[in-house]
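Examining the three-dimensional arrangement
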Amino acid sequence: MSTAVTDDVELDRIAKRLKAAVARKNGDFAKRATDIGKELEAAKAKHARGRTGEFGKWVRSVVGWSHNRANQWLEASDICNNCCKYRLPPPANEGQARAIAAIDEPHRIAVWRE
């Protein structure tokens, strides 16, 4: 089996998990954001390995998002992971995650602690 076929099979698996995470509208936002981020990171890595420029097309075809929207979810995932790392409560929703993301990187944790 060639690498391209293996990557396609893995991208299909990632797409299935991503769709399931996106469909989970209720419940723990931080869990949803980190699950979405994990799958987007995996897909981005697959596309970086020989599929330059196709990540945005892939995201649009799988969940109907623009590349920019995917990056918003990646950032929300990163924020949730950092909150966990620093033992802070994660954002309860996407609005809170975006508000934290708007703060300069070095100041995010200090502001969120307040």
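It should be emphasised that the depicted structure is a prediction, and the values quoted were computed from it without experimental measurement.

**Here's the deal with the overall build of the chain**
In terms of helices and strands, the chain carries six helices and zero strands. In the chain, which comprises 114 residues, the proportion classed as buried is 38%. Here the analysis covers contacts within the chain between residues at least 6 apart in sequence; of these, 55% occur between residues at least 24 apart. About 7000 Å² of surface is accessible on the chain, with carbon and sulfur atoms providing 52% of the total. In the chain, 21 positive and 15 negative side-chain charges are present, and the distance between their average locations comes to 4 Å.

**Some details on the environment of Ser 61**
Relative to the elements of secondary structure, Ser 61 occurs in helix α3 (residues 55-63). The spacing of Ser 61 and Leu 88 is 27 residues in sequence and 35 Å in space, taken between C-alpha atoms. Separated by 2.9 Å, the side chain of Ser 61 and the backbone oxygen of Trp 58 make a polar contact.

**Some details on the packing of helix α2 (residues 29-48) against α3**
What describes two packed helices is the angle between their axes and the distance between those same axes. Orientation of α2 relative to α3, taken along the N-to-C sense of each, is 135 degrees, at an axis distance of 9 Å. Put simply, α2 runs oblique to α3. As α2 runs across α3, the sense of the crossing is right-handed. Between α2 and α3, the residues in contact are Leu 40, Ala 43, Lys 44 and His 47 and Phe 55, Trp 58 and Val 59, respectively. Looking at side-chain class alone, the contact of α2 with α3 contains five nonpolar, one polar and one charged residues.

**Some details on helix α5 (residues 94-101)**
Residues of α5 that are buried: Ala 97, Ile 100 and Ala 101. End-on, the buried residues of α5 take up no more than an arc of 100 degrees, which puts them together on one face. Buried residues along α5 sit in contact with α2, α4 (67-85) and α6 (108-113). Of the residues that open α5, the one with a side-chain oxygen 3.0 Å from the backbone nitrogen of Gly 95 is Asn 93.

So, how was this worked out
Residues numbered from 1 in each chain as written. Predicted model: local features only at pLDDT ≥ 70, side-chain atom pairs only at ≥ 80, totals over all residues. Heavy atoms only, no water. Helix = DSSP H or I, 4+ residues; strand = E, 2+ residues; numbered from the N terminus. Buried < 20%, exposed > 50% of the residue type's maximum accessible area, 1.4 Å probe, protein only. Contact = heavy atoms within 4.5 Å. Areas by Shrake-Rupley, 256 points an atom, 1.4 Å probe, with all protein chains shown as cover. Lys, Arg positive; Asp, Glu negative; His and termini not counted. Charge placed at Lys NZ, Arg CZ, Asp CG, Glu CD. Polar contact = N/O pair within 3.5 Å; in protein donor to acceptor, adjacent residues only side chain to side chain. Axes fitted to C-alpha atoms, helices over the stretch in contact; angles between N-to-C directions. Parallel < 35°, antiparallel > 145°, perpendicular 65-115°, else oblique. Left-handed = near helix turned anticlockwise from the far one by under 90°. Nonpolar A, V, L, I, M, F, W, Y, C, P; charged D, E, K, R; others polar. Arc of directions from axis to C-beta.

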